Amino acid sequence: MLKGAEGRAALKDMRRGIEREALRIDASGHLAMDGHPKTLGSALTHSRITTDYSEALLEFITPVTHSIDELLTGLTETHAFTLNQLKGQQLWPVSMPCYVGDEKDIPIAQYGSSNSGRMKTLYRKGLTYRYGALMQIISGVHFNFSVSDELWDLLYAQSDKSVSRCDFISERYFGLIRNYRRLVWVLPYLFGASPALCHSFIKEQQTELDFEKMGRGTLYLPWATSLRMSDLGYTNKEQERLSISYNSLADYLKGIRAAIKMPSDNFANIGVKVDGEYRQLNANVLQIENEFYAPIRAKRVTRSGEKPSEALARAGVEYIEVRALDVNPFSAIGIEASQVRFLDLFLLHCLLSPSATTDSTGEQEIAANLKAVVLEGRKPGLMLSQNGEPVAREQWMLALFAELQQLATLLDGKDDDQYQLALAKWHQAVIDPNETLSGQVMKTLADKGLDHGAWVMALAKEYQQQLLNYPLSAAAQASFEAEAQASIESQLQMEAADRLNFDDFLVQYFADEPAKEAVSQ
Ligand SMILES: Nc1ncnc2c1ncn2[C@@H]1O[C@H](COP(=O)(O)OP(=O)(O)OP(=O)(O)O)[C@@H](O)[C@H]1O
Ligand SMILES: N[C@@H](CCC(=O)O)C(=O)O
Ligand SMILES: N[C@@H](CS)C(=O)O
């Protein structure tokens, strides 16, 4: 049905958005200790330049677009504008942080005196008490994705229409999510780029991982792909007991709603308000839904004051957020076009393939496969488990790539080869693990005989030059300057408009909305 011109056009018209995080560092490679530069505008209200956990952890957000070129050009322009404002500071171009002095010195992001701004900073203070600042300055790239309305029309027309179009879309996005979770290990295998880290990252952490040492201060695991996605990285054990279901939007919302109300003894021991001072938003397993660190999220753009789950309950799933990407060290903007095209194919495959619901056995298999690939994904002959049966990593990937090849050929049609070229590039990594990003990182460190930190510093400098030389148009420059100014005005207006005191604001935010079932539009 999708092979005809109409189906092909409907498939091709995907929409994408990228969020890229990067630490600001000084010329010696140490974490920048100054505040978010005023010339970048307000981190609270700017639509494209904000901060994540730390005042030094920049986050660049692209507007949603159908065009891959526009997506990556927009991301590049944001990087170039920002580098021009950083007065010699650079961006740390890998996921795992380095050269952090005392963890207590890591500045959490500040968003001003408005209630929303204070809530964002308090949330981050809670994350600090719960997980430590070092984990929270790990950087990632998030890939946001949706398919066209035309594709939904075609798929819905083919369905039995037993549910509304809106509910049909939500359930199909959850089918995508379930297939993605069964295959999520493919992403750290291909794109994981944190097989090594600076010993300073481990210093206080207990780890049973038997790291090997390289140079003066580099620790690595010989076959690792993404330590960022390991227990040492941007994950947390406390959330494993949540067992949030992806079998339907309704089940998912039930799980999320329960989690933000589930008390945690560990986090209660921190205290919520001690001697009149807040330490965290509350003592639940999740302070807010953002704290659920899953490798993929169902999303809908929220209205002002709306929680992510309320937006989903109001009008169903609008897009999905892939959160399993390390920063690509071989790109000045943290991601390259061939990765975007692979992700298009991968996510379309997850959407269009049959998708069984998952039970606890399936969840265990998903977790075991991911852990194996994160810690030793490049190991020759690595065996994984598919529907309870042992399968070699290479064999599973070859079967997957054969299916993606059909999609690539269909999307390219007669007049293009971009998807087939992208797939062919990453197919090399299926055959030879050295062609994966983590394989290339290890090869680079070995060839250059460099410490991880020294290599990353050299990259940071190279990308600084590249981005400072980027020919930012006068119009783009003016647009960034105007938005920076407007965002500062907007923050001041928010601060002036607050009527509630902070305590009452938090009470209102967490007030029990009548449970809204997932509704048809
Ligand atoms: N329909 C859509 N399809 C694909 N991408 C979308 C769609 N709508 C929004 N996006 C993208 O999703 C991203 C949203 O990022 P943003 O940081 O603004 O929101 P968020 O992720 O919900 O916020 P936070 O990071 O604080 O949780 C943007 O890159 C945007 O372009
Ligand atoms: N820094 C986290 C993401 C932070 C967040 O939850 O947005 C990462 O490495 O993906
Ligand atoms: N973005 C991360 C760190 S602030 C979170 O929402 O938890």
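Because the structure is a prediction, the values reported are computed rather than measured. (Residues numbered from 1 in each chain as written. Chains lettered and ligands numbered in written order. Predicted model: local features only at pLDDT ≥ 70, side-chain atom pairs only at ≥ 80, totals over all residues. Heavy atoms only, no water.)

Engineer: Please clarify how the pairing of strand 3 (residues 57-61) should be interpreted in this entry.
Structural biologist: Regular strands place side chains that alternate from one sheet face to the opposite one. Of all the five residues making up strand 3, four are buried; the element is thus mostly covered by neighbouring parts of the structure. For strand 1 (residues 15-25) and strand 3, the ladder comprises five bridges, and the chain directions are antiparallel. By the bridge assignment, L23 is partnered in strand 3 with L57. Counting the residues between successive antiparallel strands, the hairpin from strand 2 (residues 49-51) to strand 3 contains five residues. (Buried < 20%, exposed > 50% of the residue type's maximum accessible area, 1.4 Å probe, protein only. Helix = DSSP H or I, 4+ residues; strand = E, 2+ residues; numbered from the N terminus. Pairing = 2+ DSSP bridges.)

Engineer: Teacher, can you tell me more about helix 16 (residues 437-448) here?
Structural biologist: Residue pairs spaced three or four apart in an α-helix point in one direction, given the helix's 3.6 residues per turn. Taking 1.5 Å per residue as the helical rise, helix 16 with its twelve residues ought to reach 16 Å, and the 16 Å between its terminal C-alpha atoms agrees with that figure. Turning to helix 16, its buried residues are L437, S438, G439, V441, M442, T444 and L445. (Expected span 1.5 Å × (residues − 1).)

Engineer: What exactly am I supposed to notice about the site of ligand 2 here?
Structural biologist: Ligand 2 sits among E21, D52, I138, S139, G140, H142, R228, Y234 and R323. A distance of 2.7 Å separates a nitrogen atom of ligand 2 from a polar side-chain atom of E21. Here I138 contributes a backbone N or O atom positioned 2.7 Å from a nitrogen atom of ligand 2. Expressed as a share of its isolated accessible area of 300 Å², the protein-covered part of ligand 2 is 91%. (Near = heavy atom within 4 Å. Polar contact = N/O pair within 3.5 Å; in protein donor to acceptor, adjacent residues only side chain to side chain. Areas by Shrake-Rupley, 256 points an atom, 1.4 Å probe, with all protein chains shown as cover.)

Engineer: Just checking my understanding: could you explain the pairing of strand 11 (residues 296-299) for this structure?
Structural biologist: The side-chain alternation of strand 11 yields two buried faces, one formed by I296 and A298 and the other by R297 and K299. Judged from the four bridges that link them, strand 11 and strand 12 (residues 319-326) form a sheet pairing that is antiparallel. Paired with R297 across the strands is E321, a residue of strand 12.

Engineer: Looking at this structure, how should I read the nonpolar core?
Structural biologist: The nonpolar side chains of soluble globular proteins are, as a tendency, buried together. Ranked by internal contacts, the top residues of the largest apolar core, which has 161 residues, are L176, Y180, L190, F342 and F346. For L190, the contacting residues outside a window of four places in its chain are F342, M397, F401, W426, A429, T436 and L437. (Core = buried A, V, L, I, M, F, W, Y, C linked by side-chain atoms within 4.5 Å. Contact = heavy atoms within 4.5 Å.)

Engineer: Just checking my understanding: could you explain helix 14 (residues 393-412) for this structure?
Structural biologist: Relative to the 28 Å expected for 20 residues at 1.5 Å per residue, helix 14 spans 28 Å between its end C-alpha atoms, a close match to the ideal helical length. Turning to helix 14, its buried residues number three or more, namely R393, W396, M397, L400, F401, L404, L407, A408, L410, L411 and D412. Positive backbone phi, at 65°, marks G413, one or two positions downstream of helix 14.

Engineer: How should the site of ligand 1 be read in this particular structure?
Structural biologist: Around ligand 1, the surrounding shell holds 18 residues, and the nearest of these are E19, T62, V64, S146 and K299. In this structure, a nitrogen atom belonging to ligand 1 sits 3.2 Å away from a side-chain N or O atom of R15. V64 is positioned such that a nitrogen or oxygen atom in its backbone is 3.0 Å from an oxygen atom of ligand 1. Protein chains shield 76% of the accessible area of ligand 1, which is 640 Å² for the free molecule. Mapped onto the shell around ligand 1, the elements with two or more residues apiece are strand 1, strand 3 and strand 5 (140-146). The greatest single-element share of the shell around ligand 1, amounting to five residues, is contributed by strand 1. Taken together, the residues that form the shell around ligand 1 break down as seven nonpolar, five polar and six charged. (Nonpolar A, V, L, I, M, F, W, Y, C, P; charged D, E, K, R; others polar.)

Engineer: Can you walk me through the pattern of salt bridges in this structure?
Structural biologist: Charged atoms that come close allow side chains of opposite charge to pair. Scanning the entire structure with this criterion turns up 19 salt bridges. Between D344 and R16 there is a salt bridge, with the nearest N and O atoms lying 2.8 Å from each other. Here D344 is found in helix 12 (residues 337-352), whereas its partner R16 is found in strand 1, with 328 residues between them in sequence. Like R16, D344 is buried. The network of salt bridges with common partners includes R297, K299, E321 and R323. (Salt bridge = Lys/Arg side-chain N within 4 Å of Asp/Glu carboxyl O.)

Engineer: Hey, could you run me through empty space enclosed by the protein in this one?
Structural biologist: Left-over empty space is what a probe sized like a water molecule reveals as it rolls over the atoms. Enumeration according to the criterion identifies two cavities of 30 Å³ or more in this entry. Each pocket or cavity is described by its volume, and for the largest cavity that value is around 130 Å³. Residues belonging to the lining of the largest cavity are distributed by class as follows: seven nonpolar, two polar and four charged. In this structure, the second largest cavity occupies an estimated 60 Å³ of space. (1 Å grid on protein atoms, 1.4 Å probe; cavity = no way out; pocket = protein on both sides within 12 Å on 5 of 7 lines; lining within 4 Å. Points joined across faces, edges and corners; volume = space filled by probe spheres on them.)

Engineer: How should the sheet that holds strand 6 (residues 196-198) be read in this particular structure?
Structural biologist: One open sheet accounts for three strands, arranged 6-8-7; its pairing is antiparallel. Each edge of the open sheet is held by one strand with a lone partner, namely strand 6 and strand 7 (212-214). Going from strand to strand, the sheet's axes swing by 35° on average, the running direction of each strand aside. The sheet contact formed by strand 6 and strand 8 (residues 218-220) spans three bridges and is antiparallel. The partner of A196 across the bridge, within strand 8, is Y220. (Axes fitted to C-alpha atoms, helices over the stretch in contact; angles between N-to-C directions.)

Engineer: How do you make sense of unusual backbone geometry when you look at a structure like this?
Structural biologist: Keep in mind that most residues, glycine aside, have a negative phi and that most peptide bonds are trans. Of note, K87 is a non-glycine position whose phi angle comes to about 45°, a positive value. Mapped onto the elements, K87 comes out in the loop between helix 2 (68-85) and strand 4 (90-92).

Engineer: Quick question: what am I supposed to make of the packing of aromatic side chains here?
Structural biologist: One pair of aromatic rings is described through two measures. These are the centre distance and the angle between the planes. Tallied over the full model, the rule gives 20 aromatic pairs. Relative to F168, the ring of W152 lies with its centre 6.2 Å away and its plane at 85°, an arrangement referred to as edge-to-face. A residue pair is termed long-range when its members are at least 10 positions apart, and W152 in helix 5 (residues 149-158) and F168 in helix 6 (residues 165-183) qualify at 16 residues. One exposure class covers both W152 and F168, and it is buried. Ring centres of Y509 and F510 lie 5.0 Å apart, and the angle between their planes is 85°; on these two criteria the pair is classed as edge-to-face. Cluster of aromatic residues (ring-pair linked, three or more members): Y180, F191, F342, F346, F401 and W426. Residue placement shows R118 over the ring face of F502; its charged tip is 4.2 Å from the ring centre. When the ring centre of W426 is taken as reference, the NZ or CZ atom of K425 above it lies at 4.8 Å. (Phe/Tyr/Trp six-rings, centres within 6.5 Å; stacked < 30°, edge-to-face > 60°. Lys NZ or Arg CZ within 6 Å of the ring centre and 35° of its normal.)

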